[in-house]
Amino acid sequence: MKTDDAKVVVIGGGLAGITAAIALAESGADVTLLEARPRLGGATCSFHRDGLIVDTGQHVFLGCCSAYRGLLAKLGMTEHAPLQDRFDVTVLAPGRSASQPGASQPRRARLRRTALPGPLHMLPALGRYPFLSWAERAKVSRPALAMRRVDPADPAADTQRFGDWLAARGQSERARRALWDLFSVSALNIAGDDASLALAATVVKTGLLGKNNAADIGVAALPLGELHGDAAATVLAKLGAQVTLGAKVTAIEGGAIEGGAIEGGAIEATEGQDARFRVRLGRGDADLAADAVVLAVPHEKAAPLIPPGALPDATVRGWAGLGASPIVNVHVIYDRPVTDLTFAAAIDSPVQWVFDRTRISGMDGPGQYLAISLSAADEYADVPAARLREQFVPALAELFPAARDAQVTEFFVTRERRATFRQAPGSGALRPKAATRRPGLVLAGAWTDTGWPDTMEGAVRSGLTAAVELRHTVLTSTMGVRQ
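So, how was this worked out
Residues numbered from 1 in each chain as written. Predicted model: local features only at pLDDT ≥ 70, side-chain atom pairs only at ≥ 80, totals over all residues. Heavy atoms only, no water. Helix = DSSP H or I, 4+ residues; strand = E, 2+ residues; numbered from the N terminus. Expected span 1.5 Å × (residues − 1). Bend = angle between axes of the 7 residues up to and from the residue. Buried < 20%, exposed > 50% of the residue type's maximum accessible area, 1.4 Å probe, protein only. pLDDT = per-residue confidence, 0-100. Contact = heavy atoms within 4.5 Å. Pairing = 2+ DSSP bridges. Axes fitted to C-alpha atoms, helices over the stretch in contact; angles between N-to-C directions. Polar contact = N/O pair within 3.5 Å; in protein donor to acceptor, adjacent residues only side chain to side chain. Phe/Tyr/Trp six-rings, centres within 6.5 Å; stacked < 30°, edge-to-face > 60°.

Asks: Hey, could you run me through helix H7 (residues 173-188) in this one?
Replies: Since the α-helix advances by 3.6 residues per turn, residues separated by three or four positions end up pointing in the same direction. Helix length check: H7 (16 residues) gives 19 Å between terminal C-alpha atoms against 22 Å at 1.5 Å per residue, more than 12% under. Of all the bends found along H7, the most pronounced is centred on Asp181 and spans about 65 degrees. Along H7, the residues that are buried comprise Ala175, Arg176, Ala178, Leu179, Trp180, Asp181, Leu182, Phe183, Ser184, Val185 and Leu188.

Set out below in structure tokens:
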């Protein structure tokens, strides 16, 4: 079957589904993208609240995120998601005044890379890092050098806790909390000690030990809804793809199993040709015939949609073991500016990362809008907003002295209870490949076996992999799938 004769249904309008849909439409396929929500973008979208544009989470990317940056280019959004000239992070900590804790000045450090080649580029900054003792700083190189020998694809690496591995290489509790957690907790959305060594190795080796610009941070200058969802809808429309929002898929039927006959007989396509699959929709919407299907939804939603025989039952049941890790976002609006930092990290504080959202939210007036991003937020997922306010407003005042005299004009909390799968030891063995036993049915999503953590980069890579898998199995085209 030639690609330009093929009807492909992509289920799920997150980054994985968007990427697959664009790649397949570019190759000439007749693509329909189905999304259950009223907007594209999945976990990276925006909504309106009291005149503000609020992102569902504070998502950043790194220079090494080549697939995600490629998607931004296809969406025409590169200039709206600029990268730092060099990795540069301000790290804040509360002051140490015991007599007047509210009046103490915060401690501050700056982690900025040099122009030296990796992995030497971070050594000067680490050597001056004031939140570790001289002895702790001297020991940082030991795990950094040892990490170069860890193969993230080795199943043995997926059985180890990152914290145990660091401790065995001389990293104290303080070093793990004040340094290593800065990179691992936000990237893996799990307490630093509890992360899979395999996934931590991907973060450290790619972002910190690779090219000197690999960890340079990119932050969107537009709301995520515009950057991803709106831009994707425009591009897909230009490519002739059909996007249907509010479409809930209830079943995927049909498809030959490992070269066998199509289950239940042939499915009549709209042109009178036999299609491989029927995608059933709820609410009385018409079913869709498809030659190929990309299932790009979270693992807990993918499991009940997998047709019998497409994967071993034990494999599908095992996806439940991936679990979920929450991210909580605490939004604080002040009546005046309290910091000139675009973003900052924090240690010795309940605050992890904080971002200035004033301009991007469309906020008018003299105030400032800060958003705190809390990864691995199990302890905060069910805490009422009033209690979070009691904890985090004073915590911000410890980091930003100007906030002590400012008035909080608005405070609210957003929660992503299933932001990522739980990236603990053993999770790698549960992540499936894109292909299934039914040619034409492929999986996508950051939870699949991408070789990357559950991130925007992982999602985009999965979408590209799904498109390539279809091209190599049931679709053919002289144009190919461009990456």
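There is more to say after this.
Asks: What is the right way to look at the confidence of the model for the chain in this model?
Replies: A low pLDDT means the predicted coordinates there should not be read in detail. Averaged over the chain, the pLDDT score is 92; the fraction of residues at 70 or greater is 92%. Note that residues 259-273 has pLDDT below 50 and, in this model, 27 contacts with residues that lie over four places away or in other chains. In the model, residues 477-483 has pLDDT below 50 throughout and makes 15 contacts with residues more than four positions away in sequence or in other chains.

Asks: For this particular structure, what's the right way to read the sheet that holds strand S2 (residues 30-35)?
Replies: Strand pairing in a sheet is mediated by backbone hydrogen bonds. Such pairs are either parallel or antiparallel. If you walk across this open sheet you meet the 5 strands as S9-S2-S1-S15-S21, and the pairing is parallel. Strands with a single pairing partner mark the edges of an open sheet, and in this sheet they are strand S9 (242-245) and strand S21 (441-443). On average, each strand axis in the sheet is inclined to that of its neighbour by 15 degrees, with strand direction left out of account. Alignment of strand S1 (residues 7-11) against strand S15 (residues 292-295), held across 4 bridges, turns out to be parallel.

Asks: When you look at the side chain of Thr56 in this model, what are you seeing that I'm missing?
Replies: Among the structural elements, Thr56 can be located in the loop between strand S4 (52-55) and strand S5 (60-62). Given a relative accessible area of 15%, Thr56 falls into the buried group. Within the structure, Thr56 has its side chain in polar contact with the backbone oxygen of Ala43 (distance 2.7 Å). Among residues more than four places away in sequence, those in contact with Thr56 are Ala43, Thr44, Cys45, Phe47, Asn329, Thr414 and Glu416.

Asks: Help me understand the environment of Gly127, please; the structure alone is not making it clear to me.
Replies: Considering the arrangement of structural elements, one finds Gly127 in helix H3 (residues 123-127). On the basis of relative accessible area, Gly127 is assigned to the partly exposed category, the value being 43%.

Asks: Just to check I follow, could you spell out the packing of aromatic side chains for this structure?
Replies: In this description, an aromatic ring pair is defined by two values, namely the gap between the centres and the angle between the planes. Under the counting rule described, the total for this entry stands at 9 aromatic pairs. Ring geometry for Phe87 and Phe183: centres 6.3 Å apart, planes at 40 degrees, overall tilted. With Phe87 in the loop between helix H2 (66-75) and strand S6 (88-93) and Phe183 in helix H7, the pair connects residues that are 96 residues apart, well separated along the chain. With respect to burial, Phe87 and Phe183 carry one shared label: buried. With centroids separated by 5.5 Å and ring planes inclined at 85 degrees, the aromatic side chains of Tyr129 and Phe131 adopt a geometry described as edge-to-face. Judged by relative accessible area, Tyr129 falls into the buried class, the value being 1%.

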